[in-house]
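Listed below, chain by chain, are the residues.
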Amino acid sequence: QFSHYLWRPCFSRQHNTDFSPLTNACIGYGALDMVLAAHLGGDEHYNYPPDMERFRLNWDSVPTMPSIRAKGAILHFVSYVEGKISRIRHDVLEEIEGLDSVMDMHIYPQFLEEGNEISKTVDIRSDTGWAHLMNDDEIEFRRDYDRIVELMKDMFVVEE
């Protein structure tokens, strides 16, 4: 029913999600861009393909502290319950997904099936999923972030 919550390939172990699109959108470049710029950015003799020159990040123009284009965060979903899942609050998941700051989200498949066990989150390895948040309006970003933190408490219902 909610296949858009299901697994997509991940490229970053720290957050179990590829955060480079979020980083690129929030500051305009990422770590790989900086590595390439450090090696090739100032080299006037390097022949870039004609249609790629505009993508070149010149190392000399990279600021010491990046300017922020938008607020961004990866918010990990916390489980406040422990036991056998008796109900998944899809209304809560839909509300989260509908917030303006939410660019992407994922609930791990084992938490999308009633009857599966769930534990309280104690560390990054026991979260239940994540959301990418981004917004150029800091007030709206903070409001959406705080709303998700509140909604997380009601995402799952367990058998008593």
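On a predicted model such as this, the values are computed, not experimentally measured, just so you know. (Residues numbered from 1 in each chain as written. Predicted model: local features only at pLDDT ≥ 70, side-chain atom pairs only at ≥ 80, totals over all residues. Heavy atoms only, no water.)

So, helix H4 (residues 138–152)
Taking 1.5 Å per residue as the helical rise, H4 with its 15 residues ought to reach 21 Å, and the 21 Å between its terminal C-alpha atoms agrees with that figure. Taken together, the buried residues of H4 touch strand S1 (71–77), helix H3 (90–98), strand S3 (102–107) and strand S5 (129–135). The distance from a side-chain oxygen at the start of H4 to the backbone nitrogen of Ile 139 is 3.0 Å, and the residue carrying that oxygen is Asp 137. (Helix = DSSP H or I, 4+ residues; strand = E, 2+ residues; numbered from the N terminus. Expected span 1.5 Å × (residues − 1). Contact = heavy atoms within 4.5 Å. Polar contact = N/O pair within 3.5 Å; in protein donor to acceptor, adjacent residues only side chain to side chain.)

Some remarks on the side chain of Thr 128
On the secondary structure map, Thr 128 appears in the loop between strand S4 (117–118) and S5. By relative accessible area, Thr 128 is classed as buried at 0%. Once you skip the residues sitting within four places of it in the chain, Thr 128 turns out to touch Phe 77, Val 78, Ser 79, His 106, Ile 107, Tyr 108, Phe 111, Ile 118 and Phe 156. (Buried < 20%, exposed > 50% of the residue type's maximum accessible area, 1.4 Å probe, protein only.)

A short note on H3
Working note: α-helix, 3.6 residues per turn, so residues spaced by three or four point in the same direction. The set of residues buried in H3 consists of Val 92, Leu 93 and Ile 96. Buried residues in H3, looked at end-on, bunch into an arc of 100 degrees, giving them a common side. Looking at the buried positions of H3, the neighbouring elements they touch are S1, strand S2 (83–88), S3 and H4. (Arc of directions from axis to C-beta.)

Looking at the sheet that holds S1
The antiparallel open sheet is built from three strands, whose spatial order is S1-S5-S3. With one partner strand each, in any of the chains shown, S1 and S3 form the two edges of the open sheet. Recorded for the sheet is a direction-independent mean angle of 10 degrees between the axes of neighbouring strands. Note: S3 against S5, five bridges, orientation antiparallel. (Pairing = 2+ DSSP bridges. Axes fitted to C-alpha atoms, helices over the stretch in contact; angles between N-to-C directions.)

What about the packing of aromatic side chains?
Counted under the stated rule, the structure contains two aromatic pairs. Judged by centre distance (6.4 Å) and plane angle (35 degrees), the ring pair of Phe 141 and Tyr 145 falls under tilted. Here Phe 141 and its partner Tyr 145 are both found in helix H4, four residues apart, which amounts to about one turn of the helix. Of the residues examined, Phe 141 reaches a relative accessible area of 9% and is grouped as buried. The ring of Tyr 145 carries Arg 142 above its face, with NZ or CZ at 5.2 Å from the centroid. (Phe/Tyr/Trp six-rings, centres within 6.5 Å; stacked < 30°, edge-to-face > 60°. Lys NZ or Arg CZ within 6 Å of the ring centre and 35° of its normal.)

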